[in-house]
Amino acid sequence: MSLLDVSELTVRSADGRALVSGVSFTMEPGARLGLIGESGSGKSLTALAIMGLAPAGMTVSGSVVLDAPGLVRTEVVGAAERRLNGLRGRAATVVFQEPLTALDPLMKVGHQLAEPLRRVRGLRGAALRKAVLAALEEVRLTDPGRIAKAYPHEISGGQRQRVAIAMALACEPALLIADEPTTALDVTVQAEVLALLDGLVSARGMALLFISHDLAVVSAVTDDVLVLKDGEAVESGRVLDIVNTPRHPYTRDLVGSARQLDSALDWSRR
Amino acid sequence: MTTYLLRRMAFLVISLLLASTVLFLLLRLLPGDPANSLLSVGASPEQIAAARHQIGSDRPLPEQFVTWLGQMATFDLGTSFISTLPVGPEIASRLVVTVPLTLLAFLLAVVVAVPVGFVAAHRSNRWYGPLLNGVSQLGIAVPVFWVGMLLIAAFALYFHILPAGGFPQDDWTNPGDALTSLVLPVVTIALVMSASLIRYVRSATVDVLDSDYLRTFRALGSSFTMAMWRHGLRNAAVPVVSILGIELATTFLGAVVVESVFALPGLGSMLAKAIAQHDYPIVQGVLFVSTFGVLVIGFIADLVQRLIDPRLRGTLSRSAR
Amino acid sequence: MSQTNIPGPIKATDPDSTVPAARRRGSATLLIGCVLAGAVVAVAIVSLFWVPFAPEDTSGGRLAPPGPPHLLGTDKLGRDLLTQLMIGARVALTAGIGSVALGGILGVAGGLLAGFATRWLDDTISALLDILIAFPTLLLAMLVVAAREASLSSAILAIGLAMSAIVARLTRVLVKRVLAQDYITASRTSGTSWPRVVAEHVLPNIWPTLLVNLALQLGLAVLAEASLSYLGLGAPPPNASWGRMLQEAQATVLTAPLGAIAPGVLLVVLVVGVNLVADGLRDVADPTRRRTR
């Protein structure tokens, strides 16, 4: 069975508008899928719906089946909160876009990282502290001791996002959903964090659902791509095929603009 | 942290100084001699002379000011124009009523407001969410003395289960009696205070429920309850603690008014009588003590806020934002 | 395959869908508030031209029950209750509007000054404001009334002064926030003088928040005047104040309940109305404020 099977996923807002309509795709273990679209295309909502974290007041219909190794195969849509609790973290977890607000502002970073570590690996005391430092090192944070004792507002955006990645990885998920993980970061840091994510996902054999509006970024880390516009899936396929032979007019615009920016860079190099 | 403490205490002392100055000016700026106004309440010539001497009306203003500051610094609050008894002990004897009243009312208000505010935020989609909203809207609009009157009418006059007012002559020697006379006043104040506290708690809870960090920890596998307990509670406490100081001061004000409703011999009723009698040392004394209390509470509230919220530790004062 | 409402954190991922909703809710609140407050205002205005009896007329017999000619009965001195209530509306509104006007003008002026002031002056003014605000409003009002004779104008002066400190502090924060914006720097580098900057950029940006705050203060001012009157420090008779009426009716609350209930109800109606107007204004003027529930 596939790791993730999304079928006719529809998310309606409180006043009945369909923010996501009829989206379907599957992911095998270890697969890499990109979800690309502009703001308002429903890509983030899709990710939240997969986790059962759609905002209250929104109605989710369709089917989302998570079948992670070691866990019961579960239909997320309509599932009880308790079942979803057990699923979240181990089957799938999320790295969000804005690391400053995604972390608890009143708690030291090491403390926050310790929470999933404690839950998943059952560590305590000195062993837990060591695991926290090791996790921080794994995301290539230098001086992990200082970072663990710091509060979120005391470290940089890039460092915060690495911490967020470490927290997600601590759960040892089968599927990692990354919702615009580098969009809020400085351009120079973006490439580093992307490379880090890429490496860690490969090393652990996780599946990756990468959400972004940036075609260049998506094409760098994924193999397949699903293009969303206004809540609907308009095109899907291998990333190289999409980039070279886009079929849907919207996809063609996307690729076109990306190429334009790229060639502008070439021009300036001359 | 120590530099902050020192600076904040210096600020507190300066605030007290300024407050004393303002008090001094407000009363000295009256047209004519304050002692003269005693004539209107039929005071004897000896009383007026004593009053004049105490204020130092015959001395130049700067000298009066220095004397005044000296008195405030040593907490020498002078003597009453009317009773010629020292003001300090008078106030102390009244505090025995007002302080328990204020603290109990505040405690009750907090105990009620926190769960109610939380429920109002969390279950805003059920029917009782908007209902609680409506109730708190009423609560902040209702005059506290009217609530007191109605409670007296119901529980004292109609049902006869609680006293309609007054406080035992021997203060707290019989705690049971003292507390019984405080029940209705405490409930009166608490009802009104909790209405406004509920709104703050609700707003803080909504912000936490909408927050990104709650979503993060749930996405990592924490249950909603655990995530709220570990992360939501402290974050919600921050804005609430920041207004608790002000709310405590407002509770004190409510106590001042409610004392008149229930004929309690507290600070408020003493103040009201002193104003009517133009007994300025008492008025000044009460105002000084209450301002001092409010400033100290504000200082403590600020400190607590800093302890809870690490983001504030870099800045110096609230108003710097 | 099922349709369900999954409980989760509220996050408006589509903010546009909540703006019209917030505006609609704001307009409804505004409407209800205007109706409530408007009713009291209407009564007050009518009282300027006509009241059933002369305010000093004590011919009605003490504590008469409701019935013609005294539609709501009489108070403990024989005055017509309906007349007293109507005049009380006028007093409450005068006190409220007067205090807010005084507090508003002083407060905005002081706040503007502080907002533009350099560090030392600003720190001093902030300290002063914090102190004035530490003086609990009612106590400050009592002090001012003590210094003068108890009257409506004393009450207005007292409450207005106390309020000006709060308004000043809010104004100062708002002004500082605006001044920190880039468009101010842009405007100044293009040669706009300070007075024009204030008129064109500062005031238009701060007045919505200030207006909402002043509306809220109106309700507080009405309650403060009622408290002062209850304590005997407000307008003396025959100026009827709802607060004083309640104090006079306290002794006879069971025998003549209307006199102890009606003024309180009217106070609540007025203050709730004004508060709803303030909330409604806030939702209408700034619907993007994240208040999705």
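Relevant structure appears above.
Thresholds applied
Residues numbered from 1 in each chain as written. Chains lettered and ligands numbered in written order. Predicted model: local features only at pLDDT ≥ 70, side-chain atom pairs only at ≥ 80, totals over all residues. Heavy atoms only, no water. Helix = DSSP H or I, 4+ residues; strand = E, 2+ residues; numbered from the N terminus. Buried < 20%, exposed > 50% of the residue type's maximum accessible area, 1.4 Å probe, protein only. Contact = heavy atoms within 4.5 Å. Areas by Shrake-Rupley, 256 points an atom, 1.4 Å probe, with all protein chains shown as cover. Pairing = 2+ DSSP bridges. Axes fitted to C-alpha atoms, helices over the stretch in contact; angles between N-to-C directions. Parallel < 35°, antiparallel > 145°, perpendicular 65-115°, else oblique. Nonpolar A, V, L, I, M, F, W, Y, C, P; charged D, E, K, R; others polar. Core = buried A, V, L, I, M, F, W, Y, C linked by side-chain atoms within 4.5 Å. Expected span 1.5 Å × (residues − 1). Polar contact = N/O pair within 3.5 Å; in protein donor to acceptor, adjacent residues only side chain to side chain.

Novice: Mind showing me how you'd approach the overall build of chain C here?
Specialist: Helix and strand content of chain C: nine helices and zero strands. Taken from the N to the C terminus, the helices and strands of chain C come in the order α-α-α-α-α-α-α-α-α. By the burial criterion, 50% of the 293 residues in chain C qualify as buried. Relative to all contacts within chain C whose residues are 6 or more apart in sequence, the contacts with residues 24 or more apart total 70%. When the accessible surface of chain C is totalled, it reaches about 12,900 Å², and 67% of it is carbon and sulfur.

Novice: Whenever I open this one, the pairing of strand 10 (residues 232-238) of chain A confuses me. Can you help?
Specialist: One ladder, built from six bridges, connects strand 9 (residues 224-229) of chain A with strand 10 of chain A; its direction is antiparallel. In the sheet register, A:L228 faces strand 10 of chain A, and the bridge partner there is A:A233.

Novice: Where do I start with the sheet that holds strand 10 of chain A in this structure?
Specialist: The strands making up a sheet associate through backbone hydrogen bonding, with each pair oriented either parallel or antiparallel. Residues and elements named next belong to chain A. Taken together, six strands build an open sheet; the order of strands is 6-7-8-3-9-10 and the sheet is mixed. At either end of the open sheet lies a strand with only one pairing partner, and these are strand 6 (92-95) and strand 10. Taking each pair of neighbouring strands and ignoring which way they run, the sheet shows an average axis angle of 15°. The pairing of strand 7 (residues 175-179) with strand 8 (residues 207-212) spans five bridges and is classified as parallel. Note that in strand 8 the partner of L176 across the bridge is L208.

Novice: How do you make sense of the packing of helix 9 (residues 224-261) of chain B against helix 11 (residues 280-308) of chain B when you look at a structure like this?
Specialist: Each packed pair of helices is defined by two parameters, the angle between the axes and the distance between the axes. All names here are of chain B. The interhelical angle for the contact between helix 9 and helix 11, taken along N-to-C directions, is 175°, at an axis separation of 9 Å. The angle between helix 9 and helix 11 places the two elements in the roughly antiparallel class. On helix 11, the residues that touch R234, V238, V241, S242, G245, L248, A249 and F252 of helix 9 are S290, V294, I297, A301, V304, Q305 and I308. Here the residues of the contact of helix 9 with helix 11 sort into 10 nonpolar, four polar and one charged.

Novice: Could you clarify how one ought to interpret unusual backbone geometry in this entry?
Specialist: Glycine aside, negative phi is the norm for most residues, and most peptide bonds take the trans geometry. Phi at A:E8 is positive, roughly 50°, even though this residue is not glycine. For A:E8, the position within the fold is in strand 1 (residues 4-12). By relative accessible area, A:E8 is classed as partly exposed at 46%. Phi angles above zero are rare outside glycine, and B:A263 is one such case at about 50°. Structurally, B:A263 can be placed in the loop between helix 9 and helix 10 (267-276). A relative accessible area of 52% means that B:A263 is categorised as exposed.

Novice: Help me understand the nonpolar core, please; the structure alone is not making it clear to me.
Specialist: When a protein is soluble and globular, its nonpolar side chains tend to lie buried together. B:F145, C:M142, C:L228, C:W242 and C:L270 are the most contacted members of the largest nonpolar core, which has 117 residues in total. Here this core takes 13 residues from helix 7 (residues 194-230) of chain C, the largest share from any one element. In this structure, C:M142 is in contact with B:L271, B:A272, B:I275, C:L228, C:L231 and C:L233, ignoring residues within four places of it in sequence. Formed by 64 residues, the second largest nonpolar core is a distinct cluster that contains A:I36, A:L123, B:F217 and B:L220.

Novice: Help me understand helix 7 (residues 157-170) of chain A in this model?
Specialist: Think of an α-helix as turning once every 3.6 residues; residues three or four places apart then point the same way. All names here are of chain A. The end-to-end C-alpha distance of helix 7 is 20 Å, a good match for the 20 Å that 14 residues give at a rise of 1.5 Å each. Burial runs high along helix 7: 12 of the 14 residues are buried. By the burial criterion, the buried members of helix 7 are G158, R160, Q161, R162, V163, A164, I165, A166, M167, A168, L169 and A170. Directly after helix 7, the chain includes E172, whose backbone phi takes a positive value near 50°.

Novice: Can you walk me through the side chain of A:S2 in this structure?
Specialist: Counting through the fold element by element, A:S2 comes out in the segment before strand 1. A polar contact of 3.1 Å, which involves the side chain of A:S2, links it to the side chain of A:E28.

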